[in-house]
Every structure is written in C-alpha cells, then in structure tokens.
Amino acid sequence: MTPFELTAVLMTLVAAVGWLNARTLRMPHGVAMLLLGIVVALGLFALRATPDGGPFADGVIGTVARIDFVTTVVGIMLPFLLFAGAMQIDLGEMRRRWASIGALATLGVAGSVAIVGVGTWAIAAALHIALPLPWALVFGALISPTDPVAVLATVKHGKLSKTLQVVLQGEALFNDGVGIVAFTALLAFASGVGDADPLRAIGAVVVEALGGLLFGVAAAAVAIRAMESIADFAVEVSLTIALAMAVYAVAQWLHLSGAIAVVGAGVMFGSERAKRAMHGETEVYVKSFWTLVDEILNALLFLLLGVEMLIVPFYPGQIGLIVAVIVLVVAARFAVVLPWGAYFRLRHAEQGATAILGWGGLHGALSLALALTLSAGPERSLILAMTYAVVAFSITVQGLTFPPLTLFLQRRAR
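Residues numbered from 1 in each chain as written. Predicted model: local features only at pLDDT ≥ 70, side-chain atom pairs only at ≥ 80, totals over all residues. Heavy atoms only, no water.

Topic: a nonpolar patch on the surface
Right, on to step 1. Taken together, the side chains of M11, L292 and I296 present a nonpolar region at the surface, about 250 Å² in accessible area.
Right, on to step 2. Structurally, M11 is set in helix α1 (residues 3-25). (Patch = residues over 30% accessible without salt bridge, like charges linked within 9 Å, V, L, I, M, F, W, Y side chains within 5 Å. Areas by Shrake-Rupley, 256 points an atom, 1.4 Å probe, with all protein chains shown as cover. Salt bridge = Lys/Arg side-chain N within 4 Å of Asp/Glu carboxyl O. Helix = DSSP H or I, 4+ residues; strand = E, 2+ residues; numbered from the N terminus.)

Below is the structure:
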C-alpha cells in the first residue's frame, strides 16, 4: 500500500466514523477515533490467528509498522496542532492566571516526573521486573506532561469556568515543550551520554523553554505587523501557516523548544492587536481554517494512536506493573494539582477545582511518540507498553468521564 493509498484509507475511516459518531454515539471525536483504532488492531490480531486471514492481517500490520509515527506526530502534526490550540486561548485571561499555568507547566511537571519515576522504579522492583531508576525517570518525563491535543479536545465538552478552562489549556500547551526538553535531558543521562551535572541540565531546560517562548512571540509580532499593512485574507491565512511551520523549524535549528515557540506564536493571535490586524473577513477565514486543521488532524492523530497498538509489545508478566502505573500516574497528577485546586477553591470559590484539574490532565499521542524514539534495548518494550496503556486509559476513561464529572460538580454547586 502506497503512502497516498494508506492516507486515503485513514481519511475515509475518519470521515465515516466521524459521521457515524455524530449521528449516534456522540462521543468526543478523539475518543471515538482511538476506540476505532483499538478495535481494528484487536480485529487484526484475531484475524492473524486464522489460516485464511493470516496473510492479509500480516500485510496490514506490516504497513502500519512502516508508518513513522514519531515523524508524523512530532515533525508534521505537532506544530499545526499546537498553533491551532494556542489560538483558542484567551490571552487576557491567561495573563491573569500566568502564575498557576507557569507553576503547573514547570514545577508540576518536575514533581510528577519524580513521583512517577521513583514510584515506577519501586513498583517494578517489588514485582521483580528489571527497570533501572534512570529509565524509570525517563518514563516519568515522557508521561508527566498533559497532552494539548487530548486536553483541548476534551475541555470543549466539559462545563468549565473560564478560569479552570484557561489553566488546563495553558498548562497543556506549555508543559508539552517543558516535557520534551526534560525527556531529552533525562534520556541522555540514562543512556550515559548526557551531562551528569543536574544544575547545568536544569539551566539547559530553562534556556530552551524561555528562548523558544521569546522567539515565538517575537516572530508572531512580526507576522501581525505584516498583516496590519494588507487586507487580503488568502495572504494573511498563508502568513499564519508559514508562521506555525517556520517558528517550529527555526526554533529546533537554534536548539530551542520548537513546541513552546509555536505555542508562544499561536497565543499572540488571541490578543486584541492580532484581531485588529485581521481586517474584516480575514479573522473569520483564519479562525475557520485553523479550526478545520485542528479537528481533522486531531481525528487522524487519534486514529493513528489506536492502530499503533499493533506494534506495541505487551507481555502477561507486565500486566500487574502496567495497572499499578496507571494508578500511579493519576495519583501523581492529583498530588501536583492539589495545592492549586485548593487555591482556586478558597480564593475563587471554584467547585471541585482539584477534581477538574486532576482528572482533566490527559495524556496523549506525544507521550507515545517520545516512547517510540527510544533506542532498542531491554527497557524500551516495557516503557512503550506502560506508555500506551496510560495513554489509552487517559483518553478513553478520563476523556469519556470528564464531561459528566464537570456537569455533576456544576449541579452540586447550585
């Protein structure tokens, strides 16, 4: 199957299941696509065990195995999804909540990495499963950041106050880049090729994150200034596309965080100046274009995430560890948001703030993409299996129950 034929099949599935879901189940599209992918994977596993269906199933599995999930997610989809997501943020509200967002995106990630890393190592040791502490911390780094695609898609279906909505969205957008930088540093250390000086490693994380943010904001300011001088919606839409792609690529080339740079650029389009720069109908076209990009790529990404189950190695002896790690990741999330949940509850009378911030911190495709970048070794298959299990649980169980949870808390507050 050629890349074009494979893309055609995937897009047809996205359209068909999207239509069916909108007509009947009405689940969040991301959850529906992930479940479809998992069902397809399980069906192929069953078909593989039959004499007649084996060759066909092997062919499909081989085609899926050739998909470069890492390049597809991190190298192609991520800048577009982050830019589209960042444009949805209310810049004024985000400025008012910058302390909460910044703390959760940095200290929250660091705390979760430590809890998940050390906890996973201890549980593995208790179950007599070999997993060195440095590699357990690598797992903690790739799974701790909340996924912006999953969070933004889920928040749309929840009944949230503007405060909690912008905190969840902003944290997911910014901790993504922080998580990538932390994962890179810990991976280098675990592999024995990194700098053993923790202060220098932390300094590198700060430089990459802040440098990426400043670069993205500056590039967006230039693009907005250029848009102020013309009134041509086609050119202005193309400017936003070029901005999202160029900022990500150049930031990576400069050894800055491309993810945070794109978020910084996208957030600038939530400012009043950006809205004034998009003359007349341009704002409608820009928002409509990026909404479509967000929805279509989101659905395709979750479908790919589901079928990636075909290449994830699961072994019976790991089931106890996987279940324990799912609980641990959720517990770590609640541990790091507890202070902020209490703050919002006491200061702003937000009902169920801790529950919303904790249960709304979903994990997604980026975590799996990072796990897939690990080199072949005894730790890779275990980390990959744990990552996929946490992501699948997060998107399906947390994603499906988050809207009812917010509705329940809203009714209880009345």
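And the narrative resumes.
Observations regarding helix α6 (residues 98-126)
Right, on to step 1. Between the first and last C-alpha of α6 there are 40 Å, a value that for 29 residues agrees with the 42 Å anticipated at 1.5 Å per step.
Right, on to step 2. For α6, the principal kink sits at L104 and spans about 35 degrees.
Right, on to step 3. Two residues or fewer past α6, H128 is found with a positive phi of approximately 60 degrees. (Expected span 1.5 Å × (residues − 1). Bend = angle between axes of the 7 residues up to and from the residue.)

Comments concerning helix α2 (residues 29-48)
Right, on to step 1. If you check α2, its first and last C-alpha atoms are 28 Å apart, about what 20 residues at 1.5 Å a residue would give, namely 28 Å.
Right, on to step 2. The set of residues buried in α2 consists of G30, V31, A32, M33, L34, L36, G37, I38, A41 and L44. (Buried < 20%, exposed > 50% of the residue type's maximum accessible area, 1.4 Å probe, protein only.)

A word on the side chain of T396
Right, on to step 1. Note that T396 resides in helix α18 (residues 378-413).
Right, on to step 2. For T396, the side chain forms a polar contact with the main-chain oxygen of A392, separated by 2.5 Å. (Polar contact = N/O pair within 3.5 Å; in protein donor to acceptor, adjacent residues only side chain to side chain.)

Looking at the environment of L346
Right, on to step 1. Following the sequence through the fold, L346 ends up in helix α15 (residues 319-348).
Right, on to step 2. Classification of L346 by relative accessible area gives exposed; the value is 76%.
Right, on to step 3. For the pair L346 and L366, spaced 20 residues apart in sequence, the C-alpha to C-alpha distance is 34 Å.

Quick look at empty space enclosed by the protein
Right, on to step 1. Inspection of every chain in the model, using the stated rule, returns five cavities of 30 Å³ or more.
Right, on to step 2. As a volume, the largest cavity reaches approximately 70 Å³.
Right, on to step 3. Along its surface, the largest cavity is lined by L104, G108, V109, S112, S144, P145, T146, E171, N175, R333, V336 and H363.
Right, on to step 4. Elements that contribute at least two residues to the lining of the largest cavity include exactly α6, α9 (162-190) and α15.
Right, on to step 5. With four residues, α6 is the largest single contributor of residues to the lining of the largest cavity.
Right, on to step 6. Residues that form the lining of the largest cavity fall into these classes: four nonpolar, six polar and two charged. (1 Å grid on protein atoms, 1.4 Å probe; cavity = no way out; pocket = protein on both sides within 12 Å on 5 of 7 lines; lining within 4 Å. Points joined across faces, edges and corners; volume = space filled by probe spheres on them. Nonpolar A, V, L, I, M, F, W, Y, C, P; charged D, E, K, R; others polar.)

As for unusual backbone geometry
Right, on to step 1. Phi at H128 takes a positive value of approximately 60 degrees, unusual for a residue other than glycine.
Right, on to step 2. As for its position among the elements, H128 is in the loop between α6 and α7 (133-143).
Right, on to step 3. For H128, a relative accessible area of 75% corresponds to the exposed category.
Right, on to step 4. With a phi angle near 65 degrees, H255 is a residue other than glycine that sits in the positive phi range.

Overview of the packing of helix α8 (residues 148-155) against α9
Right, on to step 1. It is at 9 Å that the axes of α8 and α9 come closest, and there the two elements cross at 165 degrees. By the criterion of interaxial angle, the relationship of α8 to α9 is roughly antiparallel. Crossing hand, α8 versus α9: left-handed. Within the contact between the two elements, α8 uses P148, V151, L152 and V155 and α9 uses Q165, L168, Q169, A172, L173 and D176.
Right, on to step 2. Tallied by class, the residues present in the contact of α8 with α9 amount to seven nonpolar, two polar and one charged. (Axes fitted to C-alpha atoms, helices over the stretch in contact; angles between N-to-C directions. Parallel < 35°, antiparallel > 145°, perpendicular 65-115°, else oblique. Left-handed = near helix turned anticlockwise from the far one by under 90°. Contact = heavy atoms within 4.5 Å.)

A look at the packing of aromatic side chains
Right, on to step 1. Under the counting rule described, the total for this entry stands at nine aromatic pairs.
Right, on to step 2. Between F83 and W290 the ring centres are 4.8 Å apart and the planes differ by 50 degrees, which places this aromatic pair in the tilted class. Pair noted here: F83 is in helix α4 (residues 69-87) and W290 is in helix α14 (residues 282-307), with a separation of 207 residues, a long-range link.
Right, on to step 3. Since its relative accessible area comes to 0%, F83 is described here as buried. (Phe/Tyr/Trp six-rings, centres within 6.5 Å; stacked < 30°, edge-to-face > 60°.)

Comments concerning the packing of α9 against helix α12 (residues 258-268)
Right, on to step 1. At a closest axis distance of 7 Å, the pairing of α9 and α12 adopts a crossing angle of 160 degrees. Classed by the angle they form, the pair α9 and α12 counts as roughly antiparallel. Note that α9 runs across α12; the crossing there is left-handed. Of the residues in α12, those touching α9 at L173, F174, G177, V178 and I180 are A259, I260 and V263.
Right, on to step 2. Along the lines of polarity and charge, the residues of the contact of α9 with α12 split into seven nonpolar, one polar and no charged.

Examining the environment of I322
Right, on to step 1. Looking at the element boundaries, I322 is found in helix α15.
Right, on to step 2. In this structure the C-alpha to C-alpha distance between I322 and V155, which are 167 residues apart in sequence, comes to 27 Å.
Right, on to step 3. In this structure I322 touches F314, A385, M386 and A389, once residues within four positions along its chain are discounted.

Some details on the pattern of salt bridges
Right, on to step 1. In total, this model carries nine salt bridges according to the counting rule given.
Right, on to step 2. Of the charged contacts in the structure, one is a salt bridge between R333 and E171, with a shortest N-O distance of 2.6 Å. Linking R333 in helix α15 with E171 in helix α9, this pair joins segments that are 162 residues apart in sequence. In terms of burial, R333 and E171 fall into one category: buried.
Right, on to step 3. In this structure, E272 engages K275 in a salt bridge whose closest nitrogen and oxygen atoms are separated by 3.9 Å. Placement of both E272 and K275 in helix α13 (residues 272-277) is noted, with a separation of three residues, approximately one turn of the helix.
Right, on to step 4. A cluster of three or more residues bridged by salt bridges with shared partners is formed by E93, R96 and R97.

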